[in-house]
Amino acid sequence: MARTLTTRDRLVVLPEPGHRYLLPTGETITVGKRLGNGAFGLVHEAVDDFDNALVVKTLSPRNRTYEEIKANWEREIQALSTLRHPHITHVYSWFEHQNAFSIVIERCTGTLKDLFAMPGYDGSVWMRPIARCILSGIHFVHSQGYVHKDIHSGNIFWLMHRNEMDATPASSVTFKIGDLGISRLATEIDFFGTVLAQWMLPPEFLAPDRFGYVGPQTDIYHAGLLLLSVWHGQDLQFEKSQILDGLPRSVAADLPPPWGPALEKALRRTVAQRTQTAVELWRDLQQP
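Residues numbered from 1 in each chain as written. Predicted model: local features only at pLDDT ≥ 70, side-chain atom pairs only at ≥ 80, totals over all residues. Heavy atoms only, no water.

### Observations concerning the overall build of the protein
Along the backbone of the protein there are ten helices and 13 strands. Computed over its C-alpha atoms, the radius of gyration of the protein comes to 20 Å, within 12% of the 19 Å expected for a compact globule of 288 residues. Its C-alpha atoms put the protein at 55 × 50 × 30 Å along the principal axes. Contacts in the protein between residues far apart in sequence, at least 24 positions, make up 59% of those at least 6 positions apart. For the protein, the exposed surface amounts to about 13,700 Å²; the carbon and sulfur share of it is 52%. Taken as two groups, the 28 positive and 31 negative side-chain charges of the protein have centres that lie 2 Å from each other. (Helix = DSSP H or I, 4+ residues; strand = E, 2+ residues; numbered from the N terminus. Rg over C-alpha atoms; globule rule 2.2 N^0.38 Å. Contact = heavy atoms within 4.5 Å. Areas by Shrake-Rupley, 256 points an atom, 1.4 Å probe, with all protein chains shown as cover. Lys, Arg positive; Asp, Glu negative; His and termini not counted. Charge placed at Lys NZ, Arg CZ, Asp CG, Glu CD.)

### Thoughts on the UniProt feature "binding site: ATP" (unreviewed entry) in the protein
Cross-referencing UniProt, the feature "binding site: ATP" (unreviewed entry) maps to Lys 57 in the present numbering. Within the local environment of Lys 57, its side chain forms a polar contact with the side chain of Glu 76, the two groups lying 2.9 Å apart. (UniProt positions renumbered as here; feature names shortened; annotations may be inferred. Polar contact = N/O pair within 3.5 Å; in protein donor to acceptor, adjacent residues only side chain to side chain.)

### Concerning helix H6 (residues 216-232)
Taking 1.5 Å as the rise per residue, H6 with 17 residues should run 24 Å; its terminal C-alpha atoms sit 25 Å apart, in good agreement. Of all 17 residues making up H6, 14 are buried, and the element is well covered by its neighbours. Directly after H6, the chain includes Gly 233, whose backbone phi takes a positive value near 70°. (Expected span 1.5 Å × (residues − 1). Buried < 20%, exposed > 50% of the residue type's maximum accessible area, 1.4 Å probe, protein only.)

### Considering the pairing of strand E8 (residues 100-106)
For E8, the buried fraction is high: seven of the seven residues fall into the buried class. The sheet contact formed by strand E6 (residues 53-59) and E8 spans five bridges and is antiparallel. Within the sheet, the bridge partner assigned to Val 55 lies in E8 and is Ile 105. Hairpin connection between strand E7 (residues 91-97) and E8: a loop of two residues separates the two successive antiparallel strands, and Gln 98 in this loop has a positive phi of roughly 50°. (Pairing = 2+ DSSP bridges.)

### Looking at the sheet that holds strand E12 (residues 173-177)
An order of E9-E11-E12 is seen for the three strands of this open sheet, with the pairing classed as antiparallel. The sheet terminates laterally at strand E9 (110-111) and E12, the two strands that pair on one side only. In this structure, strand E11 (residues 156-160) lies alongside E12, joined through five bridges in antiparallel fashion. Within E12, the position partnered with Phe 157 by the bridge is Lys 176. Packing of helix H3 (residues 123-143) onto the sheet brings it into contact with E11 and E12, and relative to E12 it is tilted by some 40°. (Axes fitted to C-alpha atoms, helices over the stretch in contact; angles between N-to-C directions.)

### So, the pairing of strand E5 (residues 41-48)
The sheet contact formed by E5 and E6 spans seven bridges and is antiparallel. Bridge pairing in E6 places Val 43 opposite Lys 57.

### A closer look at the side chain of Thr 65
Examined against the element boundaries, Thr 65 turns out to sit in the loop between E6 and helix H1 (66-82). Setting aside anything within four residues of it in sequence, one finds Thr 65 in contact with Thr 7, Arg 8 and Asp 9.

### Digging into the nonpolar core
Ranked by internal contacts, the top residues of the largest apolar core, which has 56 residues, are Leu 112 and Leu 281. Looking at which element gives the most residues to this core, the answer is H3, with nine residues. No fewer than three residues from each of domain 1 (4-106) and domain 2 (110-285) sit in this core. Setting aside residues up to four positions removed in sequence, Leu 281 forms contacts with Leu 135, Ile 220, Ala 223, Ala 262, Leu 263, Ala 266 and Thr 275. (Core = buried A, V, L, I, M, F, W, Y, C linked by side-chain atoms within 4.5 Å. Domains from an automatic or database assignment.)

### Some points on the domain arrangement of the protein
Per the domain assignment, the segments of the protein are domain 1 (4-106) and domain 2 (110-285). Between the C-alpha centres of domain 1 and domain 2 the distance comes to 26 Å. Across the contact, 17 residues belong to domain 1 and 21 residues belong to domain 2. The junction of domain 1 with domain 2 conceals about 1,600 Å² of combined surface from both sides, 60% of it contributed by carbon and sulfur atoms. Seen at the junction of domain 1 and domain 2, the total is one salt bridge. One salt bridge in this structure joins Glu 106 and Lys 176, with 2.8 Å as the shortest N-O distance. Put simply, domain 1 and domain 2 have six residue pairs in polar contact (both at pLDDT 80 or more) between them. When residues of the side of domain 1 that touches domain 2 are assigned to their parent elements, the largest contribution, six residues, is made by H1. Looking at the side of domain 1 that touches domain 2 residue by residue, the class counts come to six nonpolar, five polar and six charged. (Buried area = accessible area lost by both parts, 1.4 Å probe. Salt bridge = Lys/Arg side-chain N within 4 Å of Asp/Glu carboxyl O. Nonpolar A, V, L, I, M, F, W, Y, C, P; charged D, E, K, R; others polar.)

So this is what it looks like as structure tokens:
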């Protein structure tokens, strides 16, 4: 029997393994196993008629009305349709079925968390390729007027490219930013309504009167935290008091150049004194 939930005013039938859906683009997708159940909804594996590896993200009702969920879905589709870039996960399509709103996205090989767990992982080897891909994606997000606000190892994905001419395992890898569900236009960010992960709060969120306000430079701060975690091969989490005291910046300063000087600047507490753009951070990382 299909799993159901309710909004405040309607019954919602959620996707389940084996369900098939006809997309607006004309092809059919078949839903596979569930991959996750987060605050923003369910995620399932899926495959289409062309054997493309996909995921289906279905928004959770979360005690909202049908119209509220539909508005969030349409806003996310608008953002994802605008933010098409080689280093941002690709959106294939979207659909509504029995009051459930879903988005179909390319399925990547894993997240940076999975990469950290690989035997023999060496952060110094992975820093530059990850930084180039992710900063390129962040730059594009900002160029379109958006702020991601949620960049961390759990939503940075790595993808092994499929070789259509050879059945041997793929060996070419790239990195992509995903989970743009809480992205907002920079002009629409409401500080008091901003949602941020508690374990990666930037100083400007904790003390805006001292350090400035949430905006594009928040993504630079998060990119600095991300690359610091890449170096150490694990998520580095800081207490609020440590963030306010500038501990992430101090930890970054201990790295060898160019990583230490570049990340120390990206992790400065005051927004105006921090690295201002993804391009600037990438250039800092090229210094001898």
